[in-house]
Amino acid sequence: MRAVPTLPPAQIAPLAQAYAEAVAAKRRWMIGGIGLLIVLSLLSGWAGQVDLVKFWNGLPRFVSYFHDILPRLRLETFFADLGEWFWNFDGWLALLWDTLLIAYVGTLSGAVAGFCLCFLASANLTRSGLLRFTARRTLEFCRTVPEIVFALMFVYAFGFGPMPGVLAIAIHTAGALGKQFSEVVENVNMQPVEGLTATGATYVETVRFGVVPQVVSNFVSYMLLRFEINVRGATVLGFVGAGGIGKELISSIRQFYYADVSAILVIVIGTVFLIDWLTEILRHKLLSLDGR
Amino acid sequence: MTSPVSPLRARADADRASLKSRYPTAFRAPLQTRLLPPAVVVLAAGLAFYALWRFGFSPEKFIDGLGKLGLVVSLMIPPSPGNQLWNYIGALGETLSIAFLGTLGAAMLALPVSMLAAKNVVANRIIHFASRRFLDTIRGVDTLIWALIWINVVGLGPFAGILAILTSDFGTFGKLFSEAIEASDRKPVDGVLSAGGSDLQGFRFGVLPQVLPVLLSQVLYYFESNTRSATIIGIVGAGGIGLYLANEIAQAEWPQVAFLILMILVTVATIDWLSGKVRFAVIGAQGRAT
């Protein structure tokens, strides 16, 4: 039986050394990285006023909070208790409908604005560097400023109610969708565009007949995803007075109406699940439509 | 020109009526298909107008509000920190701490739970289902609501913010990590097991090297997005720059508001750039080492 062939020791030594060095280098990186992480954690623990004693003492309150917000449901009077828990069901549903409409109008108008800007921000359709730069920076500004900050300012300008919420969502959506749209546009097949340009089509005609048919299903799919995100966002916009169910939620949290908190949360989470599920079905339909 | 373009076309032209009856859809799309786009547009616009009517939208009020907004924007120039520059910088530090510790803590807590939620690690269907729904429920509650709940526990301040980001990201990471683990290749694990390794070793040497770069880039991405969330979490009293922002807006100190917004924009851009560098460096280093 032949033994496994091995290299002569003179050749093994440098190989083994190189291996040991590579492992040591990797380990040094690892230790350095972990050290940096620990230093940063301690630093931010100090700046963030982390207090584990306070946390430990407060933990029972965290658990009891969830116990407190749970409704008192007894088996013998189940439906009466359920009715009491959701005592304001119609009112909350109306507010939730407001929230959904805020998300809807915000998404739609934001998508229209993003649609108009995305072609200007795409490198393959806009030759002018200045125009492209301006469009891109505008979109970046719209999506980087958190929507609740816009909402605060708009509440100041337009007064309390759903309108500031709609505008805040619309601006943020324009920024986010404009970027995603322009990424889609930059990946289109340029042959139809070249064909149209060759026949003397104007810019708008080129976009309408050369680009839009290629991108429309992707655009709608992104819009549906954004609608999902905006429904979540719209539930908390009410915290700053921008309409919808958020106002009711924050006031019941602040005033310790425990059962109301859980009832509203159940309604909101249920709606978010439902919307997620519906948009997913719609998007799958859309994608299969596209593949046809 | 009298002669047809091609003989094929001449034949088709002669036979046009019969072709049309045999392949109607090639000549004209069915009514349903043609009506779909305008119907969708009409429905979408109708719902939007209904919503505007419900919100009591009126053009005069809107223009009035726009005028006021224009005034606000004109008052914002030039942005100035007033005499609060150091307070603002301190608050920005708090914001970054909230984002950093929140993301890090969430990632560390989510890794073990994500294994429970991954089908290929824990094959028990009940555990899989329960942990998935648990994570979904946590994600369904917004960070701001978590902040309000944690304020009840640890009081006002950035610590509540850290815990809020930690909680809501725990749900997100749990889901993302478990999906990454499920998408990993089974073969390295089989290799480790067939060489006599234990299940744990199979995970450590078979799965972890595959998923670590994916997890890391997700964590970095969420660090960026949490920097944004952490700027607003102060609005409900959970520390960071949002508290100052809400206060200055409430007191209509517009130059200060503009300054704070600029600070946020610069910070987010910096974090964006930095995490891009780190992502590249770490994933590049991984690629070199293996």
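Please read these numbers as outputs of a predicted model, since none were measured by experiment.

What to know about the overall build of chain B
1) Next: From N to C terminus, chain B includes 13 helices and 0 strands.
2) Next: When its helices and strands are written in sequence order, chain B yields α-α-α-α-α-α-α-α-α-α-α-α-α.
3) Next: The C-alpha radius of gyration computed for chain B amounts to 29 Å, which surpasses the reference 19 Å derived for 290 residues by more than 25%, pointing to a less compact arrangement than a globule.
4) Next: Structurally, chain B occupies a C-alpha span of about 85 × 75 × 40 Å along its principal axes.
5) Next: Long-range pairs, those at least 24 residues apart, make up 71% of the contacts in chain B between residues at least 6 apart in sequence.

Topic: the overall build of chain A
1) Next: Regarding its fold elements, chain A presents 11 helices and 0 strands.
2) Next: Ordered by position in the sequence, the α and β elements of chain A form the string α-α-α-α-α-α-α-α-α-α-α.
3) Next: Computed over its C-alpha atoms, the radius of gyration of chain A comes to 28 Å, more than 25% above the 19 Å expected for a compact globule of 292 residues.
4) Next: By principal-axis analysis of the C-alpha atoms, chain A measures approximately 85 × 70 × 45 Å.
5) Next: Looking at chain A residue by residue over its 292 residues, the buried ones come to 34%.
6) Next: Relative to all contacts within chain A whose residues are 6 or more apart in sequence, the contacts with residues 24 or more apart total 70%.

A word on the domain arrangement of chain B
1) Next: Taken domain by domain, chain B holds domain 1 (9-75) and domain 2 (85-289).
2) Next: When each unit is reduced to the centre of its C-alpha atoms, the spacing between domain 1 of chain B and domain 2 of chain B is 40 Å.

Focus: the confidence of the model for chain B
1) Next: Model confidence for chain B is summarised by a mean pLDDT of 84, while 96% of its residues fall at 70 or above.
2) Next: This complex was scored by the predictor with a pTM of 0.79 and an ipTM of 0.76.

Some words on the nonpolar core
1) Next: Ala 151 of chain A together with Ala 147, Trp 150 and Ile 233 of chain B are the most contacted members of the largest nonpolar core, which has 127 residues in total.
2) Next: Counting residues per element, this core draws most heavily on helix α4 (residues 89-118) of chain A, at 13 residues.

Concerning the environment of Phe 100 of chain B
1) Next: Within the fold, Phe 100 of chain B resides in helix α6 (residues 85-117).
2) Next: Assessed through the 25 C-beta atoms surrounding it within 10 Å, Phe 100 of chain B is described here as buried.
3) Next: In contact with Phe 100 of chain B, not counting residues within four places along its chain, are Leu 40 and Ser 44 of chain A.

Section: the interface of chain A and chain B
1) Next: Counting residues at the interface gives 44 residues for chain A, matched by 47 residues for chain B.
2) Next: Elements with a minimum of two residues in the side of chain A that touches chain B: α1 (9-47), α2 (52-69), α4, α6 (147-158), α7 (162-186), α9 (203-237) and α11 (258-291) of chain A.
3) Next: When the residues that make up the side of chain A that touches chain B are grouped by side-chain class, the tally is 30 nonpolar, 9 polar and 5 charged.

Focus: the packing of α1 of chain A against α6 of chain B
1) Next: For the pair α1 of chain A and α6 of chain B, the least separation of the axes is 8 Å and the interaxial angle reads 125°. Of the possible angle classes, the one that applies to α1 of chain A and α6 of chain B is oblique. In this structure, α1 of chain A crosses over α6 of chain B, and the sense of that crossing is left-handed. Together, Leu 40, Ser 41, Ser 44, Gly 45 and Ala 47 of chain A of α1 of chain A and Gly 93, Glu 94, Leu 96, Ser 97, Phe 100, Leu 101 and Leu 104 of chain B of α6 of chain B make up the contact between the two elements.

Observations regarding helix α5 (residues 129-144) of chain A
Residue and element names in this part refer to chain A.
1) Next: For α5, which comprises 16 residues, the first-to-last C-alpha distance of 22 Å matches the rise-based estimate of 22 Å (1.5 Å per residue) to within 8%.
2) Next: Three or more residues of α5 are buried, namely Ala 135, Leu 139, Cys 142 and Arg 143. Along α5, the residues classed as buried sweep out an arc of 90° about the axis, all on the same side. When the buried face of α5 is taken as reference, the exposed residues oriented beyond 90 degrees from it are Gly 129, Leu 130, Phe 133 and Arg 137.
3) Next: Contacts from the buried residues of α5 go to α4 and α7.

Structural notes on helix α12 (residues 241-250) of chain B
1) Next: Counting buried residues along α12 of chain B, 8 of its 10 residues qualify, which places the element largely inside the surrounding structure.
2) Next: Within α12 of chain B the residues assigned to the buried category are Ile 241, Gly 242, Leu 243, Tyr 244, Leu 245, Ala 246, Glu 248 and Ile 249 of chain B.

Concerning unusual backbone geometry
1) Next: Look at the link from Ile 77 of chain B to Pro 78 of chain B: it is a cis peptide, with omega at -5°.
2) Next: Turning to its location among the elements, Pro 78 of chain B is positioned in the loop between α5 (59-75) and α6.

As for the packing of α7 of chain A against α9 of chain A
Residue and element names in this part refer to chain A.
1) Next: Put simply, α7 and α9 touch, their axes get as near as 9 Å, and they point 145° apart. For the pair α7 and α9, the crossing hand works out as right-handed. Counted together, Gly 165, Ala 168, Ile 169, Thr 173, Ala 176, Leu 177, Gln 180, Phe 181, Val 184 and Val 185 of α7 and Val 211, Val 215, Asn 218, Phe 219, Tyr 222, Met 223, Arg 226, Asn 230, Gly 233, Ala 234 and Leu 237 of α9 form the full contact between these two elements.

Conventions and cut-offs
- Residues numbered from 1 in each chain as written.
- Chains lettered and ligands numbered in written order.
- Predicted model: local features only at pLDDT ≥ 70, side-chain atom pairs only at ≥ 80, totals over all residues.
- Helix = DSSP H or I, 4+ residues; strand = E, 2+ residues; numbered from the N terminus.
- Rg over C-alpha atoms; globule rule 2.2 N^0.38 Å.
- Contact = placed C-beta atoms within 7 Å.
- Buried ≥ 20, exposed ≤ 12 C-beta atoms within 10 Å, placed from the backbone.
- Domains from an automatic or database assignment.
- pLDDT = per-residue confidence, 0-100.
- Core = buried A, V, L, I, M, F, W, Y, C linked by C-beta atoms within 7 Å.
- Nonpolar A, V, L, I, M, F, W, Y, C, P; charged D, E, K, R; others polar.
- Axes fitted to C-alpha atoms, helices over the stretch in contact; angles between N-to-C directions.
- Parallel < 35°, antiparallel > 145°, perpendicular 65-115°, else oblique.
- Left-handed = near helix turned anticlockwise from the far one by under 90°.
- Expected span 1.5 Å × (residues − 1).
- Arc of directions from axis to C-beta.

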